[in-house]
Amino acid sequence: MTGRRTGAPERPGGRVAADFDRVASAYDLLVGLDPGYRRHLRRSAERLRLPGVARILDLCCGTGQSTLALRAVYPQATLCGLDAAAEMLQVARVRPQLAGVELVHGDAMDPTAAGVDGPFDGILMAYGIRNVADADACLQRVRGLLAGGAPVCFHEYSVTGSRLSTAVWKAVTASIIIPAARVVTGDDGLFRYLRDSVLEFDSVDRFERRLRQAGFTAVRTLPAGGWQRGILHSFLARRPATGR
Ligand SMILES: C[S@@+](CC[C@H](N)C(=O)[O-])C[C@H]1O[C@@H](n2cnc3c(N)ncnc32)[C@H](O)[C@@H]1O
């Protein structure tokens, strides 16, 4: 299950994206409190193992933290970012490092409707799949945007099935993430939702099964380091080289 808060979206990304809009100006400050945040994104970008010249999509790019990781690892690449929260995108748009990156307002459930079309040589979706209305349908869309044989990385939390990881996640969100969000934004509602959405998200095995059911091959999961080992993962997969 994904942790979405509402049913049919009344705007791209529904209420989740509206909530991200409200914290957009504080988002970079908040993620900066996690010393591993940018390093882990960069590691997932590296794990795509793309050639220098490539066309890469950053799905749910937010303020561009994940796009910056792609830019750092693939300085020659043509990058495109898509997000449903216009205010988050606005932060990305004024970053000098992302000059020339196409940043599109749209829903990850249907990037093509927002004018984002494949084939891409690689796709990164960081902290996104957990939030979409229908994860299975979104995976099908993602596969359809990839060139034959091209890789995707879902950089995502998964703690279900591990008592230790679940306990660490609950402790860190209760003692650090939610209080910090309250201080910085004056409202911890989104971060309570994010905590719960992780607790409700697939186990590693379940998400790997979803990927295979969506037609991906070469599915494998690599861990993050530090305290996030067993909590944050790079879920890697490929569109088959031939066929649909
Ligand atoms: C936790 S942020 C991650 C942003 C960025 N990838 C990063 O690593 O910092 C999640 C992002 O997903 C976006 N999002 C949520 N649901 C979405 C949807 N259905 N389509 C597109 N973006 C969505 C939110 O607006 C938000 O910017």
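Nothing here was measured: the structure is a model prediction, and the numbers come from that model.

1. Some words on the overall build of the protein
Moving on, step 1. For the protein, the count of helices and strands is eight helices and seven strands.
Moving on, step 2. For 244 residues, the compact-globule estimate of 2.2 N^0.38 gives 18 Å, and the C-alpha radius of gyration of the protein, at 17 Å, lies within 12% of that figure.
Moving on, step 3. Overall, the C-alpha framework of the protein stretches about 45 × 40 × 35 Å when taken along its three principal axes.
Moving on, step 4. The proportion of buried residues among the 244 residues of the protein is 45%.

2. Some thoughts on the environment of P119
Moving on, step 1. Position of P119 among the secondary structure elements: in the loop between β3 (102-105) and β4 (122-126).
Moving on, step 2. Classification of P119 as partly exposed rests on a count of 13 C-beta atoms within 10 Å.
Moving on, step 3. Residues P119 and V142 lie 23 residues apart in sequence; the distance between their C-alpha atoms is 10 Å.
Moving on, step 4. In this view, P119 contacts L146 and A147; residues no more than four positions away in its chain are not counted.

3. Quick notes on the pairing of strand β5 (residues 151-157)
Moving on, step 1. Of all seven residues in β5, seven are buried, a share of seventy percent or more.
Moving on, step 2. Here β5 shows no split at all, with P151, C153, H155 and Y157 on one side and V152, F154 and E156 on the other all buried.
Moving on, step 3. Each parallel crossover has a hand, and for β4 linked through helix α5 (residues 135-145) to β5 it is right-handed.
Moving on, step 4. Across seven bridges, β5 lies against strand β7 (residues 232-238) in antiparallel orientation. Among the inter-strand pairings, E156 is bridged to a residue of β7, identified as H233.

4. A few points about helix α2 (residues 37-47)
Moving on, step 1. If you check which residues of α2 are buried, you get H40, L41, R43, S44 and A45.
Moving on, step 2. The inward-facing, buried residues of α2 abut α3 (65-73), β4, β5 and β7.

5. Some points on the site of the ligand
Moving on, step 1. What surrounds the ligand is a group of 23 residues, the closest being C60, G62, Q65, A84 and A85.
Moving on, step 2. A per-element tally of the shell around the ligand places helix α1 (residues 14-32) first, with three residues.
Moving on, step 3. Tallied by class, residues from the shell around the ligand come to 15 nonpolar, six polar and two charged.

6. Digging into the packing of helix α6 (residues 163-185) against helix α7 (residues 189-200)
Moving on, step 1. Axis separation between α6 and α7 bottoms out at 10 Å; the angle between their running directions is 170 degrees. Taken together, the axes of α6 and α7 are roughly antiparallel relative to one another. Note that α6 runs across α7; the crossing there is right-handed. Contacts between α6 and α7 involve T166, W169, T173, I177, I178 and A181 on the former and, on the latter, F191, R192, R195, V198 and L199.
Moving on, step 2. The residue inventory of the contact of α6 with α7, partitioned by class, reads seven nonpolar, two polar and two charged.

7. Here's the deal with the confidence of the model for the protein
Moving on, step 1. With 95% of its residues at a pLDDT of at least 70, the protein reaches an overall mean of 92.
Moving on, step 2. Between residues 1-9, whose pLDDT stays under 50, and residues either more than four places distant or in other chains, the model counts 26 contacts.

8. A closer look at the sheet that holds β7
Moving on, step 1. Strand order in this open sheet of seven strands is β3-β2-β1-β4-β5-β7-β6, and the pairing throughout is mixed. Whereas interior strands pair on both sides, the edge strands pair on one side only; in this sheet they are β3 and β6 (217-223). Along the sheet, successive strands turn relative to each other by an average axial angle of 15 degrees, direction set aside.
Moving on, step 2. Judged from the four bridges that link them, strand β2 (residues 78-83) and β3 form a sheet pairing that is parallel. Residue pairing across strands places G81 opposite L103, the latter belonging to β3.
Moving on, step 3. α2 contacts β4, β5, β6 and β7 of the sheet and is inclined by roughly 15 degrees relative to β7.

9. Section: helix α4 (residues 86-93)
Moving on, step 1. All of the buried residues in α4 are M88, L89 and A92. The buried residues of α4 all sit within an arc of 95 degrees when viewed along its axis, so they share a single face.
Moving on, step 2. Looking at the buried residues of α4, the elements they touch are α1, α3, β2 and β3.

10. A closer look at the nonpolar core
Moving on, step 1. Formed by 71 residues in total, the largest nonpolar core has its most connected members in I56, L70, I123, L124, M125 and V142.
Moving on, step 2. No other element matches the seven residues that α1 contributes to this core.
Moving on, step 3. In contact with L124, not counting residues within four places along its chain, are S44, A45, L48, I56, D58, S66, L70, C153 and H155.

Parameters at a glance
- Residues numbered from 1 in each chain as written.
- Predicted model: local features only at pLDDT ≥ 70, side-chain atom pairs only at ≥ 80, totals over all residues.
- Helix = DSSP H or I, 4+ residues; strand = E, 2+ residues; numbered from the N terminus.
- Rg over C-alpha atoms; globule rule 2.2 N^0.38 Å.
- Buried ≥ 20, exposed ≤ 12 C-beta atoms within 10 Å, placed from the backbone.
- Contact = placed C-beta atoms within 7 Å.
- Right-handed = clockwise from strand over helix to strand, strands pointing away.
- Pairing = 2+ DSSP bridges.
- Near = placed C-beta within 6 Å.
- Nonpolar A, V, L, I, M, F, W, Y, C, P; charged D, E, K, R; others polar.
- Axes fitted to C-alpha atoms, helices over the stretch in contact; angles between N-to-C directions.
- Parallel < 35°, antiparallel > 145°, perpendicular 65-115°, else oblique.
- Left-handed = near helix turned anticlockwise from the far one by under 90°.
- pLDDT = per-residue confidence, 0-100.
- Arc of directions from axis to C-beta.
- Core = buried A, V, L, I, M, F, W, Y, C linked by C-beta atoms within 7 Å.

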